[in-house]
Amino acid sequence: MTTGTSIDRPDWLTETAWPWHTRAVPTAGGRVAITDVGRGPVMLLVHTGAWSFVWRDLLSALSPTFRCITIDAPGCGLSDRVPGDRVSLQASADAVTAVLEQLDLTDVTLVAHDLGGPAALAAAAAGPDRIAALVAVNCFGWRPTGMAFRGMLAVMGSAPLRASDAALGWLPRATSGRFGVGRHWTKADRAVFRAGIDRSARRCWHRYFADAHRADGLYRKIDAALAGPLSDRPMLTVFGEHNDPLRFQPHWRRLFPQARQEVVPGGNHFPMCDDPHLVAALLRGWHRTIGG
């Protein structure tokens, strides 16, 4: 099903770096960019903060056997830029819901990373009948607690850090390194990743951190769904070996006692970039076991 209008490819986004077509889907918060590739069971890949380039290598590995759809959150990547007061995890969740509905997606395996966790789960809470299975990749889906967790979100979401990153671009630069998304990327790939996070998008990224600190209403919706209509969904968690300092995987185990949990050797916060072929193999193997 073709939905949305074509997005012109920016000069900096070469076909070598991103070989797929990107479309814009209209939402109440502006147009959001989606990339829809492959055929087969649907995997909807949700990240909030940077943009869909984080999924690039996993798309290549999965699209021969799955229909893979990525979303740039409002204000990020190729999506429309939005005012700061419209940047929230609920807005990101609403964008996911719009894509689910406008593409009429069903039997979806929802794959979430980072702040995409609460955004994706809030969308799943709004339309649980469309969601067949859940995958948490280095993400959380509950109200942050504890000084370390809440403190990190408060600092990253603060106005001073937002302003300094808007001016200097230090977060995309740090994230594009080998301990972030760029372990196997060329210098040109890293430059493309950073180009998708312009000054406005950098401000959005920090506002998403700030909202994650205070989005209690959104977390209540997620809690109710995880204890209710989503409680029986198959769950897979995939974390990097060196990046679970807040022990999110054990928390997922408490929420989903039957969850399959995997650790990517040598992986950091972006295991799908550290070893995309292993992560793709884990997803394919697990999907077969749940009857996909």
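Structural data are supplied above this passage.
To keep things clear, this report deals only with the structure shown in the data block. Counting starts from 1 at the beginning of each chain's written sequence and moves along it residue by residue. Reporting in this predicted model follows two pLDDT cut-offs: at least 70 for local features of residues, and 80 or more for side-chain atom pairs to be given and counted; totals over whole chains, interfaces and linings ignore these cut-offs and use all residues. To get the side-chain values, all heavy atoms of the structure are used, and hydrogens and water are removed first.

Okay, the nonpolar core next. Nonpolar side chains in soluble globular proteins tend to end up buried together. Remark: nonpolar core denotes a set of buried residues (Ala, Val, Leu, Ile, Met, Phe, Trp, Tyr, Cys) joined through side-chain atoms within 4.5 Å. Residue exposure (1.4 Å probe, protein chains only): buried if accessible area is under 20% of the type maximum, exposed if over 50%, otherwise partly exposed. In terms of nonpolar packing, the biggest core is built from 100 residues, with Leu 44, Val 99, Phe 193, Trp 252 and Met 272 touching the most fellow members. In contact with Phe 193, other than residues within four places in its own chain, are Ala 50, Trp 51, Phe 53, Val 54, Pro 172, Thr 175, Ser 176, Val 181 and Trp 185. Contact criterion: two residues are considered in contact whenever any of their non-hydrogen atoms come within 4.5 Å of each other.

Right, let's get into the side chain of Thr 35. Only DSSP runs of H or I covering at least 4 residues are called helices, and only runs of E covering at least 2 are called strands; the numbering of each starts at the N terminus. Of note, Thr 35 is situated in strand E3 (residues 30-37). At a separation of 3.1 Å, a polar atom in the side chain of Thr 35 contacts the side chain of Thr 22. If sequence neighbours within four positions are ignored, Thr 35 has contacts with Trp 18, Trp 20, His 21, Thr 22, Cys 68, Ile 69 and Thr 70. Whenever two N or O atoms come within 3.5 Å, that pair is a polar contact, provided that in protein one can donate a hydrogen and the other can accept it, and provided that, for residues adjacent in sequence, both atoms are side-chain atoms.

Pairing of aromatic side chains requires ring centres within 6.5 Å, counting the rings of Phe and Tyr and the six-membered ring of Trp. Pairs whose planes differ by under 30 degrees are stacked, by over 60 edge-to-face, and all others tilted. Scanning the entire structure with this criterion turns up 15 aromatic pairs. A ring pair is formed by Phe 140 and Tyr 219, whose centres lie 6.4 Å apart and whose planes are at 45 degrees; its orientation type is tilted. With a gap of 79 residues between them, Phe 140 in the loop between strand E7 (131-139) and helix H4 (147-156) and Tyr 219 in helix H9 (residues 216-227) connect regions that are remote in the sequence. Per residue, the accessibility class of Phe 140 equals that of Tyr 219, and both read buried. Owing to a relative accessible area of 4%, Phe 140 belongs among the buried residues under this scheme. Through successive ring pairs, a cluster of aromatic residues spans Trp 12, Trp 18, Trp 20, Trp 51, Phe 53, Trp 185 and Phe 193. Both a distance and an angle decide whether a charge sits over a ring: NZ of Lys or CZ of Arg must be within 6 Å of the ring centre and within 35 degrees of the ring normal. The ring of Phe 179 has Arg 178 sitting right over it, with the charged end atom 5.0 Å from the ring centre.

As a further point, take unusual backbone geometry. Notably, Asp 104 is not glycine yet its phi reads approximately 50 degrees, a positive angle. Residue classification places Asp 104 among the partly exposed positions, given a relative accessible area of 47%. Here the phi dihedral of Asp 107 falls at roughly 50 degrees; this positive angle occurs in a residue that is not glycine. Take Asp 107: it is sitting in the loop between helix H2 (89-102) and strand E6 (108-114). Owing to a relative accessible area of 58%, Asp 107 belongs among the exposed residues under this scheme.

Counted as salt bridges are all cases of a side-chain nitrogen of Lys or Arg within 4 Å of a carboxyl oxygen of Asp or Glu. Within the structure shown, the criterion is met by 11 salt bridges. Asp 57 is the partner of Arg 56 in a salt bridge, and the nearest nitrogen-oxygen pair spans 2.5 Å. The two residues Arg 56 and Asp 57 agree in class, both being buried. Several salt bridges share partner residues, and in doing so they unite Arg 56, Asp 57 and Asp 189 into one network.

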